[in-house]
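Letter by letter, the chains look like this.
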Amino acid sequence: LFGTIVWILVASTGVPLPLLQGWVMFVAVTAWFLSIVFLSVFLFGYANRITVNWNQADFIFHGATFVFYFGAFLLQAATTSLHHFPRKFNSTTQERILSGREYNISIAASV
C-alpha cells in the first residue's frame, strides 16, 4: 500500500530530476510487484508446495526492501532539498526545480 502511494506521488511531480527519482520509482514499482507475488504465493497455497524456509525468505525480503527503500528515501529527500535552486543555471528566469505543489508532493513521498 505505501509503495503504491510513493509510486503515485513521485510520478505526479513530473520527475524533474530523473537520475535521482528514477531509482525511487524503480524501488517503489519493484517492491510493489514483488509484494504482490509474495502475497499470491501464500494466498493460492503455493507456500505448502514449495519447500523453502518461508520465515527466512520473509526476513530476507523485508530486510532487502528496507535497505532499498531507505536508499530511495535519501534520494527523494535530496531531490526535495534542492527545490530552491533554479532549473537553468545560466538563465535569467527564476524557475525552480520543484514548484510549490511539487515540493509538497515530494515531501509527502519522502515521508
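Just so we're clear, the structure is a prediction, and the values are computed from it rather than from any experiment.

What about the confidence of the model for the protein?
Next up, step 1: Summarising the model, the protein shows a mean pLDDT of 79, and 76% of its residues fall at 70 or more.
Next up, step 2: By mean pLDDT, helix α5 (residues 100-110) is the weakest element of the protein at 70, and helix α4 (residues 54-81) is the strongest at 88.

Some words on helix α1 (residues 2-12)
Next up, step 1: Within the sequence span of α1, burial applies to Gly3, Val6, Leu9 and Val10. Looking down the long axis of α1, one finds its buried residues gathered within 130° of arc, a one-sided arrangement.

Concerning the environment of threonine 4
Next up, step 1: One can find threonine 4 in helix α1.
Next up, step 2: For the pair formed by threonine 4 and phenylalanine 33, sequence separation is 29 residues and the distance between their alpha carbons is 9.8 Å.

Digging into the nonpolar core
Next up, step 1: Counting residues in hydrophobic clusters, the biggest one holds 10 residues: Val6, Leu9, Val10, Val24, Met25, Val27, Ala28, Ala72, Ile105 and Ala109.
Next up, step 2: Contributing elements (two or more residues each) for this core: α1, α2 (18-43) and α5.
Next up, step 3: Take this core: its biggest share by element is 4 residues, from α2.
Next up, step 4: The residues contacting isoleucine 105, other than those within four sequence positions of it, are Leu9, Ser12 and Thr13.

Re the UniProt feature "transmembrane region" (unreviewed entry) in the protein
Next up, step 1: Sequence positions flagged by UniProt for "transmembrane region" (unreviewed entry) are, in local numbering, residues 23-47 and 59-78.
Next up, step 2: Between the C-alpha atoms that bound residues 23-47 there is a distance of 31 Å. The span itself is 92% helix and 0% strand.
Next up, step 3: The straight-line gap between the two end C-alpha atoms of residues 59-78 is 29 Å; of that span, 100% is helix and 0% is strand.

Focus on the environment of tryptophan 23
Next up, step 1: Checked against the element boundaries, tryptophan 23 lands in helix α2.
Next up, step 2: Taking C-alpha positions, tryptophan 23 is 9.8 Å from tyrosine 69, a pair spaced 46 residues apart along the chain.
Next up, step 3: In this structure tryptophan 23 touches Phe68, Ala72 and Leu75, once residues within four positions along its chain are discounted.

Conventions we followed
Residues numbered from 1 in each chain as written. Predicted model: local features only at pLDDT ≥ 70, side-chain atom pairs only at ≥ 80, totals over all residues. Heavy atoms only, no water. pLDDT = per-residue confidence, 0-100. Helix = DSSP H or I, 4+ residues; strand = E, 2+ residues; numbered from the N terminus. Buried < 20%, exposed > 50% of the residue type's maximum accessible area, 1.4 Å probe, protein only. Arc of directions from axis to C-beta. Core = buried A, V, L, I, M, F, W, Y, C linked by side-chain atoms within 4.5 Å. Contact = heavy atoms within 4.5 Å. UniProt positions renumbered as here; feature names shortened; annotations may be inferred.

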